Amino acid sequence: MASNDKMKILEEIGAFNQAWNRGDAGAAASFFSEDGTRIGVAGDIQTGRIEIEAAFRLLFGQKFAGAQVSVERGIVRMLSEDLAVWQGGMKIQPAGNRPALTGAVIQIMKKTGTRWLIFISDAKFFPPLQG
């Protein structure tokens, strides 16, 4: 059962990234539980799908318009039958010739019906290396 749940979580992560790369704020927010929380790389916090969708709409329409994200497969750790932690590295390639941004994401995933939805997502960029 746990290995099947881990695969489902990884599938949800992959599908979320596809929605992100399309710049589809509504689809990206649909991967969060209704009571989910998103902590952005700038420290901004949104709770609930309406706030999360609005944040994605701003993100995709401004700073990361046309950007593409890729994430590592990551690691899934099962906490219980309906809670798990996923963590993995990420890379965001902004549109144009701007340098890529790298970081990591940690997400608490919550089983809701047959889906594993994001309950809490916390993304961070790594600071650029100095000299």
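Our subject is the structure that appears above.
Described below are features of the structure shown in this document.

Thresholds, definitions, all that
Residues numbered from 1 in each chain as written. Predicted model: local features only at pLDDT ≥ 70, side-chain atom pairs only at ≥ 80, totals over all residues. Heavy atoms only, no water. Helix = DSSP H or I, 4+ residues; strand = E, 2+ residues; numbered from the N terminus. Rg over C-alpha atoms; globule rule 2.2 N^0.38 Å. Buried < 20%, exposed > 50% of the residue type's maximum accessible area, 1.4 Å probe, protein only. Pairing = 2+ DSSP bridges.

With that settled, the discussion passes to the overall build of the protein. The secondary structure content of the protein amounts to three helices and seven strands. In sequence order, the secondary structure elements of the protein are arranged as α-α-β-β-α-β-β-β-β-β. Computed over the C-alpha atoms, the radius of gyration of the protein is 14 Å, within 12% of the 14 Å expected from 2.2 N^0.38 for a compact globule of 131 residues. If you line up the protein on its principal axes, its C-alpha atoms span 45 × 35 × 25 Å. Within the span of the protein, comprising 131 residues, buried residues form 37% of the whole.

Turning to the pairing of strand 5 (residues 83–93), a few remarks are in order. In terms of strand pairing, strand 3 (residues 68–71) meets strand 5 through four bridges, oriented antiparallel. Bridge pairing links Gln 68 to Gln 93 in strand 5. As paired strands, strand 4 (residues 75–78) and strand 5 are joined by four bridges and run antiparallel to one another. Across the sheet, the residue bridging to Arg 77 is Val 85, located in strand 5. The hairpin formed by strand 4 and strand 5 contains four residues between the paired strands. The pairing of strand 5 with strand 6 (residues 101–112) spans ten bridges and is classified as antiparallel. Counted as the bridge partner of Gly 88 is Val 105 from strand 6.

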